[in-house]
Amino acid sequence: MGWIFAILAALVLVVAFFVGSRQRSLGHRVGSFECSVVPVGPSHPAPVKGIAHYGVGRLDWWRRWSLSPRPAESWSRGALEVVSRDLVEGDDEQYVVRCSYQGDELVLIMSVQAYAGLTSWLESAPPSSHGAVA
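Rules behind the numbers
- Note that residues are indexed from 1 along each chain, following the sequence as it is written.
- Only residues with pLDDT of at least 70 get local features here, since the model is predicted, and only at 80 or more are side-chain atom pairs given and counted; chain-wide, interface and lining totals rely on the full set of residues.
- Water and hydrogen atoms play no part in the side-chain values, which are based on all heavy atoms of the structure.
- Put simply, a patch holds well-exposed residues, over 30% relative accessible area, that have no salt bridge, with like charges counted together within 9 Å and Val, Leu, Ile, Met, Phe, Trp or Tyr side chains within 5 Å.
- Reported accessibility uses the Shrake-Rupley method at a 1.4 Å probe radius. Residues are deemed covered only where the shown protein chains occlude them.
- We define a salt bridge as a side-chain nitrogen of Lys or Arg found within 4 Å of a carboxyl oxygen belonging to Asp or Glu.
- Only DSSP runs of H or I covering at least 4 residues are called helices, and only runs of E covering at least 2 are called strands; the numbering of each starts at the N terminus.
- The cut-offs for exposure are 20% and 50% of the maximum accessible area for each residue type, with area from a 1.4 Å probe on protein chains only; residues under the lower value are buried, those over the upper are exposed, and the others partly exposed.
- Two strands are counted as paired when DSSP detects at least two bridges linking them.
- Here the aromatic set is Phe, Tyr and Trp, taking the six-membered ring for Trp, and pairing holds for ring centres within 6.5 Å; pairs whose planes are under 30 degrees apart are stacked, those over 60 apart are edge-to-face, and all others are tilted.
- Helix span, as expected, comes to 1.5 Å for every residue beyond the first.
- Note that the arc is defined by the directions from the helix axis to the C-beta atoms.
- Among buried residues, those of type Ala, Val, Leu, Ile, Met, Phe, Trp, Tyr and Cys that are joined through side-chain atoms within 4.5 Å constitute a nonpolar core.
- Note on contacts: a residue pair is in contact if any heavy atoms of the two residues lie within 4.5 Å.
- Every definition here rests on a 1 Å grid over the protein atoms only: cavities are sets of points where a 1.4 Å probe fits but cannot get out, pockets are open sets enclosed by protein on both sides within 12 Å along at least five of seven lines, and lining residues have some atom within 4 Å of a point.
- Grid points are joined across faces, edges and corners, and a volume is the space filled by probe spheres set on the points.

K.L.:
In this structure, what is going on with a nonpolar patch on the surface? I would like to understand it.
P.N.:
On the surface, a nonpolar cluster with roughly 710 Å² of combined accessible area is contributed by Met1, Trp3, Ile4, Ile7, Leu8 and Leu11. Topologically, Met1 is positioned in the segment before α1 (2–27).

Shown next, in the form of structure tokens:
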């Protein structure tokens, strides 16, 4: 019975190591920032915390608590448009950013600094891109 507990404890430690390593790796990349995605729908579930990262032509987003090495979402720079932004109620350091992506609504929650970076990244797209900031 003791060896089963030891194996389970070792598995928990290995998973914790990989999750911590993944979060540290994603969070310390140049161009990464904390960003929550709010699922759009009639039930309005809670925001899903994650880390976004600017790519050459896309914005990748990873769930905070996942073992997946691939981003959960990826949005093309040319198809992403900021529609509006509002401060989170009771928090002067966070924005609710409403975007349009290929005709669908996308709602992100990010810091004021991350929003400034996002708008700069979108505006600095090559002239052939159609991404815009409202």
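K.L.:
Just checking my understanding: could you explain the pairing of strand β7 (residues 104–111) for this structure?
P.N.:
The element β7 is extensively covered by neighbouring structure, given that six of its eight residues are classed as buried. One ladder, built from eight bridges, connects strand β6 (residues 91–101) with β7; its direction is antiparallel. Each residue of the ladder has a partner; that of Tyr101, found in β7, is Asp104. Hairpin remark: β6 followed by β7, antiparallel, with two residues in the connecting loop; positive phi at Gln102, about 50°.

K.L.:
Which parts of the structure should I look at to understand the packing of aromatic side chains?
P.N.:
Any two aromatic rings considered together are summarised by their centre-to-centre distance and by the angle between their planes. Within the structure shown, the criterion is met by three aromatic pairs. Put simply, the rings of Phe33, Tyr54 and Trp121 pair up and form one aromatic cluster.

K.L.:
Explain the pattern of salt bridges to me, please; I cannot follow it from the model alone.
P.N.:
Tallied over the entire structure, the rule returns three salt bridges. Note that Asp60 is salt-bridged to Arg58, the shortest N-O span being 2.9 Å. The exposure class of Asp60 is buried, given its relative accessible area of 5%. Classification of Arg58 as partly exposed rests on a relative accessible area of 40%. Across the pair Glu105 and Arg98 runs a salt bridge, and its minimum N-O distance is 3.5 Å. Owing to a relative accessible area of 44%, Glu105 belongs among the partly exposed residues under this scheme. When its relative accessible area of 36% is taken as the criterion, Arg98 is described as partly exposed.

K.L.:
I keep staring at helix α2 (residues 112–123) and nothing clicks. Help me out?
P.N.:
Taking 1.5 Å of rise per residue, 12 residues should cover 16 Å, and α2 covers 17 Å from first to last C-alpha, within 8% of that figure. When we look at burial in α2, the residues that qualify are Ala114, Tyr115, Leu118, Thr119, Trp121 and Leu122. Buried residues along α2 cover an arc of 160° about the axis, so they all sit on one side. Opposite the buried face of α2, at more than 90 degrees from it, the exposed residues are Gln113 and Glu123.

K.L.:
So what exactly am I meant to see when it comes to the nonpolar core here?
P.N.:
Soluble globular proteins tend to bury their nonpolar side chains together. Ranked by internal contacts, the top residues of the largest apolar core, which has 22 residues, are Leu59, Leu80, Leu108, Met110 and Leu118. Only β1 (32–38), β2 (50–54), β3 (58–63), β5 (80–88), β6, β7 and α2 provide two or more residues apiece to this core. At five residues, α2 tops the list of elements feeding residues into this core. Residues within four places of Leu59 in sequence aside, it is in contact with Phe33, Ala52, His53, Tyr54, Glu73, Ser74, Trp75, Leu80, Leu118 and Trp121.

K.L.:
Is there a simple way to explain the layout of surface pockets in this structure?
P.N.:
The gaps of empty space that remain are located by a probe, the size of a water molecule, rolled over the atoms. When its volume is computed, the largest pocket comes out at roughly 180 Å³. Lining the largest pocket we find Val37, Val38, Pro39, Val40, Val48, Trp61, Arg63, Glu73, Trp75, Glu105, Leu106 and Val107. At the level of elements, β1, β3, β4 (73–76) and β7 are the ones that each hand at least two residues to the lining of the largest pocket. If one sorts the elements of the lining of the largest pocket by residue count, β7 sits on top with three residues.

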